[in-house]
Each structure stands twice: as C-alpha cells, then as structure tokens.
Amino acid sequence: MTTHGDQPAPQRRRVRPYAMTGGRTRSTHDDLEIETLVSTTSTGDQTPKLTVEQRAIAALCHDVLSVAEVSAKLHLPLGVVRVLVADMADEHLVMVHRPAHPGDRPDLALLERVLYGLHSI
C-alpha cells in the first residue's frame, strides 16, 4: 500500500499506546524531561521477562539516548516512553541521568558515553 508520491504507508500499530502503559499517562514519580538521558543497566540486559517495548528500549539504550530520541526511534508517543522508562528505572533495568542543575558538574563517564554516541551518529 502506498500514499501520495509513492511513499510507503506508515504501518498501523496493533496495540494502542495506552495498553502499553496499563492505561497510565504518568509514571508513579515525576515526569521525565525529554532531555533526560537513559542507559541500560546490567540487570536490564539479563532480565528475560520484558515486554516487547521494554526489550526495544533496553536494546536502544546500550548507547546513551535521551527520552526524546527513544520515542522517535521507536515511533512511540513521548508520554508512553516516559512511563515505560520510569517503570524500567524503578525496576533498575535502566539508569536515568537527569539534566544537571546550574552549578552541578556532570559525571565524566556519562559525558564520555554521550560523546561516543555522538561520534557514532
């Protein structure tokens, strides 16, 4: 099936976004900022019982990505990704690196991972 200009039609999602989050639109904690960086933990790599979306997030976040980048790469709504990432952080499957407050110094290891990710783009 094609659309105007012979561009392929976007695939229709079989599962509604609210079903992925159990109907929740917010996580149990504060909403994650779109620039919050996410990285997969060793627990996230080794946990066999993950949903399809959680597996995709864990695979993507071997390279440090922002919540917005995860949303874009998975073609999922930002609100859904925020809830899923927050749930995964509660279960220690991913680590979130919130934006620093003015005067705070970022972790050198985190900056090196971000720099490596930018170079690989």
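In the block above lies the structure referred to throughout.
In short, a report on the structure. All values reported here derive from a predicted model rather than from experimental measurement. Here the residue index of a chain counts from 1 through its sequence in written order. Two thresholds apply to this predicted model, a pLDDT of at least 70 for residue-level local features and 80 or more for giving and counting side-chain atom pairs, whereas whole-chain, interface and lining totals are computed over all residues. Calculated side-chain values reflect all of the structure's heavy atoms, with hydrogen atoms and water omitted.

1. Comments concerning the packing of helix H3 (residues 52-60) against helix H4 (residues 67-74)
For clarity, the cut-off: Note on geometry: axes are lines fitted to C-alpha atoms, helical ones only across the stretch in contact, with angles between N-to-C directions running from 0 to 180 degrees. By the criteria applied, helices consist of DSSP H or I runs no shorter than four residues and strands consist of E runs no shorter than two, each listed in order from the N terminus. For classification, angles of less than 35 degrees are called roughly parallel, those exceeding 145 degrees roughly antiparallel, those between 65 and 115 degrees roughly perpendicular, and all remaining angles oblique. A clockwise turn of the near helix away from the far one marks a right-handed crossing, whereas an anticlockwise turn of less than a right angle marks a left-handed crossing. Contact definition: two residues touch when any of their heavy atoms are within 4.5 Å. Three categories are distinguished: nonpolar for Ala, Val, Leu, Ile, Met, Phe, Trp, Tyr, Cys and Pro, charged for Asp, Glu, Lys and Arg, and polar for the others, with Gly belonging to the last.
Two elements in contact, H3 and H4, have axes separated by 11 Å at closest approach and are oriented at 120°. By the angle between their axes, H3 is oblique relative to H4. Note on packing geometry: the crossing formed by H3 with H4 is right-handed. Facing H3, whose interface residues are Ala-56, Ile-57 and Leu-60, H4 presents Val-70, Lys-73 and Leu-74. Class assignment for the residues of the contact of H3 with H4 results in 5 nonpolar, no polar and 1 charged.

2. Observations regarding the sheet that holds strand E1 (residues 37-40)
Rule in force here: Paired strands, as defined in this entry, are two strands with at least two bridges between them according to DSSP.
As summarised here, the arrangement of the 3 strands in space is E2-E1-E3, forming an open sheet in which the pairing is antiparallel. Strand pairing shows two members of the sheet lacking a second neighbour, strand E2 (65-66) and strand E3 (94-97), which therefore form its edges. Bridge count for E1 against E3 is 4 bridges, and the pairing is antiparallel. Bridge assignment links Ser-39 to a residue of E3, and that residue is Met-95.

3. Details of the nonpolar core
Condition: In this text, buried Ala, Val, Leu, Ile, Met, Phe, Trp, Tyr and Cys residues form a nonpolar core when linked through side-chain atoms within 4.5 Å. Working definition: with a 1.4 Å probe on protein chains only, accessible area under 20% of the residue-type maximum means buried, over 50% means exposed, and in between means partly exposed.
Within the largest apolar cluster, 18 residues are counted, with the highest numbers of intra-cluster contacts made by Val-38, Ile-57, Val-70, Val-81, Val-85 and Met-88. Mapped by element, the contributors of at least two residues to this core are H3, H4 and helix H5 (78-90).

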